[in-house]
2 protein chains.
Amino acid sequence: MASPSAAHAVQPLSLDRLKTACSTCGLRELCLPVGLSGEELDRLDNLIYLRKSIKKGTSIYRAGERFDALYAVRAGFFKTTVLLEDGRDQVTGFYMGGELLGMDGIGTEKHTCDAVALEDSEVCIIPFGRLEELSREMHNLQHHFHKVMSREIVRDHGVMMLLGSMRAEERLAAFLVNLSQRFLARGYSPSEFYLRMTREEIGSYLGLKLETVSRVFSRFQDEGMLSVQQKHVRIIDIPRLRALMGQRPC
Amino acid sequence: MASPSAAHAVQPLSLDRLKTACSTCGLRELCLPVGLSGEELDRLDNLIYLRKSIKKGTSIYRAGERFDALYAVRAGFFKTTVLLEDGRDQVTGFYMGGELLGMDGIGTEKHTCDAVALEDSEVCIIPFGRLEELSREMHNLQHHFHKVMSREIVRDHGVMMLLGSMRAEERLAAFLVNLSQRFLARGYSPSEFYLRMTREEIGSYLGLKLETVSRVFSRFQDEGMLSVQQKHVRIIDIPRLRALMGQRPC
DNA sequence: TGCGCCGTTTGATCCACGTCAACCGCGAAA
DNA sequence: TTTCGCGGTTGACGTGGATCAAACGGCGCA
């Protein structure tokens with residue numbers, strides 16, 4: 001249903017444009033526009049007018065490529081991976097609607113990881129130079145962008161904690177609780193969802209082998225904490241899962 | 001010895017002030033002022049006029065405390081640690097001269113880790129609100145600050161890689177090579193230095209137990225790659241150490 | 001409808017690192 | 001100078017997760 005203010009927009013192009021805008025995006029409360037006023041939103045809309053479809057298995061950018069934009073996930077699901085010279089690679093993050101990709105590239109002007117779609121997806125392109133420009137004029141935007149970067153750092157510390165001092169069960173529990181919360185924030189069920197990534201990708205992110213991930217899933221299921229079949233997960237006992245992720249080994 | 005330009009500054013306060021300024025700080029090429037012109041540097045000096053001494057073992061800030069400033073290490077050495085409810089804690093980083101601490105706090109306005117001095121140290125206080133203000137007016141400062149945050153993210157990805165897919169020897173090699181480079185960038189010897197942290201702190205950072213760290217040090221020494229006694233390290237074969245950190249297990 | 005592939009599950013075995021314990025050595029305090 | 005305590009080293013042993021291997025099952029494609 002078109003909003004009253006859009007009713008007199010007669011050109012299809014204009015309508016398309018409207019659909020692209022942050023101001024009408026369902027994810028604006030999770031994404032870059034958080035805290036912006038109506039007028040400010042309009043200015044951000046002028047900056048973010050390009051979108052791009054990314055087919056499953058293809059990448060937005062790859063390590064080594066020139067950095068010049070950030071990407072906001074509009075729809076779909078992504079992973080980022082870094083790789084060592086010897087071919088080993090590791091998943092460093094999973095990204096869903098409203099989350100920002102590409103901040104790793106600012107420091108060196110080159111991307112340092114690959115951002116790969118785990119399903120057919122769509123991203124909004126945020127030219128970084130213009131974002132800096134605009135955030136020089138818009139206090140709120142500037143501050144919110146700093147918050148987003150800071151949270152990425154805190155998230156990474158959480159993963160370091162997980163990789164450095166948690167056992168396999170605790171890691172998977174933490175992973176599932178985190179996914180659950182993020183689905184909830186996006187209006188999806190926190191207790192029932194489809195995993196977009198393989199066991200191997202989960203393992204890579206958690207510093208485990210796929211067999212271990214599979215075994216821990218089975219153990220959780222045996223203990224009645226959740227049910228899994230393939231990529232479909234239903235969490236039955238979130239409190240127990242949550243308790244597990246901060247518990248001593250013995 | 002006072003520099004010629006400071007010779008006619010008669011008030012002790014003024015001299016003190018001069019010593020505090022970024023413009024005369026030996027670390028300015030590594031720290032926040034990177035890329036600033038003379039006039040810009042002066043403006044930054046007006047912002048960063050407070051310093052603080054931190055005794056060994058005490059902290060600049062602790063998790064949960066209100067965030068309102070960043071801290072640049074002027075002298076000394078720090079670790080940051082996060083802790084789980086159950087008491088487990090983990091070192092998330094080591095910081096030396098010219099590096100910025102506290103960016104984790106921006107996102108939630110509360111610090112999320114403790115920043116503890118590993119030796120008597122000194123930090124410059126950078127009030128964050130004023131930094132945002134100034135970086136709205138100064139392009140270069142804004143961009144450099146974004147780069148610093150981005151590099152923190154990339155550094156964390158490196159640690160995640162290390163924790164998630166490297167063996168103990170590779171981890172310690174990577175750690176030593178990293179330290180070596182950072183000492184070099186600060187004009188110290190890249191091949192001979194004193195560790196400011198204990199084996200336990202190294203282990204915590206690398207996801208290993210102190211005994212393992214100790215054993216790997218001994219193994220490296222037996223193989224002639226370095227010599228260690230207590231906290232004194234002399235690296236004999238950097239190339240071999242470097243080769244080790246990107247090698248397959250077998 | 002049947003075939004083949006890839007992701008997953010499960011079992012048997014191995015090994016890198018953790019755990020537990022003893023001892024050493026340096027530096028601070030008495 | 002001796003003592004004490006903490007950080008570090010080293011050894012013996014245990015174990016969580018890796019590795020190797022086999023089989024399953026859902027899905028795309030012929």
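First, a word on scope: everything that follows refers to the structure included in this document. (Residues numbered from 1 in each chain as written. Chains lettered and ligands numbered in written order. Predicted model: local features only at pLDDT ≥ 70, side-chain atom pairs only at ≥ 80, totals over all residues. Heavy atoms only, no water.)

A word on the environment of leucine 100 of chain B
Residue and element names in this part refer to chain B. As for its placement among the helices and strands, leucine 100 is situated in strand β6 (residues 100-101). It is 30 Å that separates the C-alpha atoms of leucine 100 and valine 216, two residues lying 116 residues apart in sequence. In this view, leucine 100 contacts Cys31, Leu32, Leu70, Tyr71, Ala72, Tyr95, Ile126 and Val148; residues no more than four positions away in its chain are not counted. (Helix = DSSP H or I, 4+ residues; strand = E, 2+ residues; numbered from the N terminus. Contact = heavy atoms within 4.5 Å.)

Details of the protein's contact with DNA strand C
Taken together, 17 residues form the shell around DNA strand C, and within it Arg199, Ser214 and Ser218 of chain A together with Ala168 and Thr212 of chain B come nearest. Sugar plus phosphate, as a fraction of atoms of DNA strand C within 4 Å of the protein: 62%. Serine 214 of chain A places a side-chain nitrogen or oxygen 2.7 Å from a phosphate oxygen of DNA strand C. Put simply, the parts of the chain that give the surface near DNA strand C at least two residues each are α7 (210-222) of chain A together with α7 (210-222) of chain B. The element contributing the most residues to the surface near DNA strand C is α7 of chain A, with 5 residues. For the surface near DNA strand C, the class distribution of residues is 3 nonpolar, 6 polar and 8 charged. (Near = heavy atom within 4 Å. Polar contact = N/O pair within 3.5 Å; in protein donor to acceptor, adjacent residues only side chain to side chain. Nonpolar A, V, L, I, M, F, W, Y, C, P; charged D, E, K, R; others polar.)

Considering the interface of chain B and chain A
In this complex, chain B contributes 46 residues to the contact, which on the side of chain A involves 46 residues. The contact between chain B and chain A buries some 4500 Å² in all, and 59% of this surface belongs to carbon and sulfur atoms. Contact with chain A buries surface across chain B, with Arg88, Arg136 and Met160 of chain B losing the most and accounting together for 17% of the total. Counting across the chain B and chain A interface gives 4 salt bridges. Mapped by element, the contributors of at least two residues to the side of chain B that touches chain A are β5 (89-96), α3 (128-137) and α4 (139-165) of chain B. No other element matches α4 of chain B, which puts 20 residues into the side of chain B that touches chain A. Class assignment of the residues belonging to the side of chain B that touches chain A gives a composition of 15 nonpolar, 17 polar and 14 charged. (Buried area = accessible area lost by both parts, 1.4 Å probe. Salt bridge = Lys/Arg side-chain N within 4 Å of Asp/Glu carboxyl O.)

Section: the protein's contact with DNA strand D
In the vicinity of DNA strand D lie 17 residues, with Ala168, Thr212 and Arg215 of chain A together with Arg199 and Ser218 of chain B positioned nearest. Taking all atoms of DNA strand D within 4 Å of the protein, the share assigned to sugar and phosphate is 67%. Alanine 168 of chain A has a polar backbone atom sitting 2.8 Å from a phosphate oxygen of DNA strand D. Residue glutamate 211 of chain A places a side-chain N or O atom 3.3 Å away from a base nitrogen belonging to DNA strand D. For the surface near DNA strand D, the per-class residue count stands at 3 nonpolar, 6 polar and 8 charged.

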